[in-house]
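# Residue-level structure breakdown
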Amino acid sequence: MAETSLQKDAMDVLQAWVDQYNLRAGGSIELASGGEAGGAQLRLKYSPTEDTISILHLVAVTREGRPAILVSRFEGPTAETSVQAGLWASGQLGRRPAR
């Protein structure tokens, strides 16, 4: 199976899990997911308040020849926190200097 297909499958599995969680939780605080088509990033996110976001960011990488999943949590004002999470992920993937 092609790498892009596996990544799409991972995003589909994550979205199905989020949809099922939201159905069971009754929508008090909706959980959302995101990712990058053809990329190595998956995100779980929710907004505890109108101006705040909480993001659990997962990035698939290879370290010392072995596959790994790096996980980091971000929470704060929506715009700034989204940028911070994106910069962290880009750094882990070698697209920008890691912070």
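Below is a short write-up of the structure. Treat the numbers as computed from the prediction; the structure is a model and nothing was measured.

Right, let's get into helix α2 (residues 78-92). Here α2 spans 21 Å end to end across 15 residues, near enough to the 21 Å set by a 1.5 Å rise per residue. T81, A85, W88, A89, S90, G91 and Q92 are the residues of α2 that are buried. Of the surrounding secondary structure, the elements contacted by the buried residues of α2 are β2 (41-49), β3 (52-63) and β4 (66-77). In the segment just after α2, G94 is the residue with positive phi, at about 80°.

A word on the pairing of β2. For a regular strand, side-chain orientation follows a simple rule: the groups alternate between the two sheet faces. When strand β1 (residues 32-35) meets β2, the two strands line up antiparallel, connected through four bridges. By the bridge assignment, G34 is partnered in β2 with R43. Two strands pair when backbone bridges link them, and β2 and β3 are joined in this way by seven bridges, in the antiparallel orientation. Across the sheet, residue R43 finds its bridge partner in β3, namely H57. The loop that links β2 with its antiparallel partner β3 comprises two residues.

Rules used in this analysis
Residues numbered from 1 in each chain as written. Predicted model: local features only at pLDDT ≥ 70, side-chain atom pairs only at ≥ 80, totals over all residues. Heavy atoms only, no water. Helix = DSSP H or I, 4+ residues; strand = E, 2+ residues; numbered from the N terminus. Expected span 1.5 Å × (residues − 1). Buried < 20%, exposed > 50% of the residue type's maximum accessible area, 1.4 Å probe, protein only. Contact = heavy atoms within 4.5 Å. Pairing = 2+ DSSP bridges.

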